[in-house]
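In case you want the letters, here they are:
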Amino acid sequence: MTHPDGEVSFFNDSAINIAPSAERISNYADKLGVFSNKKQKKNIIYLKDSGYINLVNGKQSSILDVAKVGPDYIPGHAHADTLSFEWNYDKQRVLVNSGTSVYGLGLERLRQRKTESHNTVVVDEEDSSEVWSGFRVARRAYPSKPIISEFGDSICVECSHDGYMRLRGKVTHTREWIMNDIGFFVTDKLLGSFNSAEAHYHFHPDIQLELSNDSKHQVNFYSPDGTQFMIEVIGAD
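Residues numbered from 1 in each chain as written. Predicted model: local features only at pLDDT ≥ 70, side-chain atom pairs only at ≥ 80, totals over all residues. Heavy atoms only, no water.

A. View of the overall build of the chain. Counting its secondary structure elements, the chain contains two helices and 16 strands. Computed over the C-alpha atoms, the radius of gyration of the chain is 18 Å, within 12% of the 18 Å expected from 2.2 N^0.38 for a compact globule of 237 residues. With respect to the principal axes defined by its C-alpha atoms, the chain has extents near 55 × 50 × 35 Å. Out of the 237 residues in the chain, the part that is buried amounts to 41%. Restricting to contacts in the chain with at least 6 residues of sequence separation, those with at least 24 account for 50%. Summed over its atoms, the accessible surface of the chain is roughly 13800 Å², and 51% of this surface lies on carbon and sulfur atoms. For the chain, the distance from the average position of its 25 positive side-chain charges to the average position of its 32 negative side-chain charges is 7 Å. (Helix = DSSP H or I, 4+ residues; strand = E, 2+ residues; numbered from the N terminus. Rg over C-alpha atoms; globule rule 2.2 N^0.38 Å. Buried < 20%, exposed > 50% of the residue type's maximum accessible area, 1.4 Å probe, protein only. Contact = heavy atoms within 4.5 Å. Areas by Shrake-Rupley, 256 points an atom, 1.4 Å probe, with all protein chains shown as cover. Lys, Arg positive; Asp, Glu negative; His and termini not counted. Charge placed at Lys NZ, Arg CZ, Asp CG, Glu CD.)

B. Up close: the sheet that holds strand 9 (residues 147–151). A sheet is described by the order of its strands in space; here four strands give the open sequence 9-10-11-12, paired in antiparallel fashion. Both outer strands of the open sheet, strand 9 and strand 12 (184–191), are each paired with one neighbouring strand and no more. Taking each pair of neighbouring strands and ignoring which way they run, the sheet shows an average axis angle of 15°. Pairing analysis gives seven bridges linking strand 10 (residues 154–161) to strand 11 (residues 172–179), with the strands arranged antiparallel. (Pairing = 2+ DSSP bridges. Axes fitted to C-alpha atoms, helices over the stretch in contact; angles between N-to-C directions.)

C. Fine view of the pattern of salt bridges. Evaluation of the coordinates by the stated rule reveals nine salt bridges. Between Asp13 and Arg109 there is a salt bridge; the shortest N-O distance is 2.7 Å. With Asp13 in the segment before helix 1 (22–32) and Arg109 in helix 2 (residues 107–113), this residue pair connects regions lying 96 residues apart in the sequence. Arg109 shares its class with Asp13; the two are buried. Residues Arg139 and Glu130 are paired through a salt bridge, measuring 2.9 Å at the closest nitrogen-oxygen approach. What makes Glu130 partly exposed here is its relative accessible area of 21%. Beyond isolated ion pairs, a larger network of salt bridges with shared partners links Glu126, Glu130, Arg139 and Arg166. (Salt bridge = Lys/Arg side-chain N within 4 Å of Asp/Glu carboxyl O.)

D. A look at a nonpolar patch on the surface. On the surface, Tyr28, Leu32, Val34 and Phe35 cluster together to form a nonpolar patch covering roughly 450 Å² of accessible area. On the secondary structure map, Phe35 appears in the loop between helix 1 and strand 1 (44–47). Owing to a relative accessible area of 41%, Phe35 belongs among the partly exposed residues under this scheme. (Patch = residues over 30% accessible without salt bridge, like charges linked within 9 Å, V, L, I, M, F, W, Y side chains within 5 Å.)

E. Main features of the packing of aromatic side chains. Under the definition given, this model contains 10 aromatic pairs. Note on Phe85 and Tyr201: the rings are 6.2 Å apart at their centroids and 70° apart in plane angle, and the pair reads as edge-to-face. One end of the pair, Phe85, is in strand 4 (residues 85–89); the other, Tyr201, is in the loop between strand 13 (197–199) and strand 14 (208–211), with 116 residues separating them in the sequence. Looking at Tyr201, the relative accessible area reads 29%, which means it is partly exposed. Where Tyr103 meets Phe135, the ring centres are 5.0 Å apart and the plane angle is 75°; that geometry is what we call edge-to-face. Remark: Phe135 occurs in the loop between strand 7 (131–132) and strand 8 (136–137) and Tyr103 occurs in the loop between strand 5 (92–95) and helix 2; sequence separation between them is 32 residues. In this structure Tyr103 comes out as partly exposed when scored by relative accessible area, which is 48%. The structure contains a cluster of three or more aromatic residues connected by ring pairs, namely Phe85, Trp87, Tyr89, Phe184, Tyr201, Phe203, Phe221 and Phe229. Its end group placed over the ring of Phe10, Arg93 keeps NZ or CZ at 5.0 Å from the ring centre. (Phe/Tyr/Trp six-rings, centres within 6.5 Å; stacked < 30°, edge-to-face > 60°. Lys NZ or Arg CZ within 6 Å of the ring centre and 35° of its normal.)

As structure tokens, this is what we get:
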């Protein structure tokens, strides 16, 4: 489960240059005759056992997290990242999660495991799963079975989680992703009562951002090769 740049995605405890690359492992397995290193060329790959979905449309690609916190009996490497995602254009990472830079019991370790460090929604300043200490998880989010559909040139995935049902307002978070030739659309719906909700989006450090002069709800951003993109917020600030 890698991005077009050949490196791992940043869900849960993950980091680059910790283990051999997926390509190196695949080539070695191929030489040993373990399996043939043939890449799948599909618009949708749903890894049901682990709970991740890979979407591809032209130069766009995205990995979606519809996974349970796990494994159930030892979830210490899990983050509160349910319904987060990462998005690429060509081989450039654009939207990324935190990943992991430290272990131990420090504040940075805790920050990187929190919901706000991932591309998903924080409700009432709480994490979707209760992460604490260095490697502990208490009450956690359980995702629904994702609904995957294709219509025309569009790929659509919808999934919910119940991590905020433990709050007084009994909130359910539902997220829909649509990828097509026009762009990438993310829609969040919250069912229940809450005081605040924040959708966090983290850009790769190579991406340059600038606020639009045309609208306070629009941000322009540029990849290192000069490709320009625009993100627009509808129904929120």
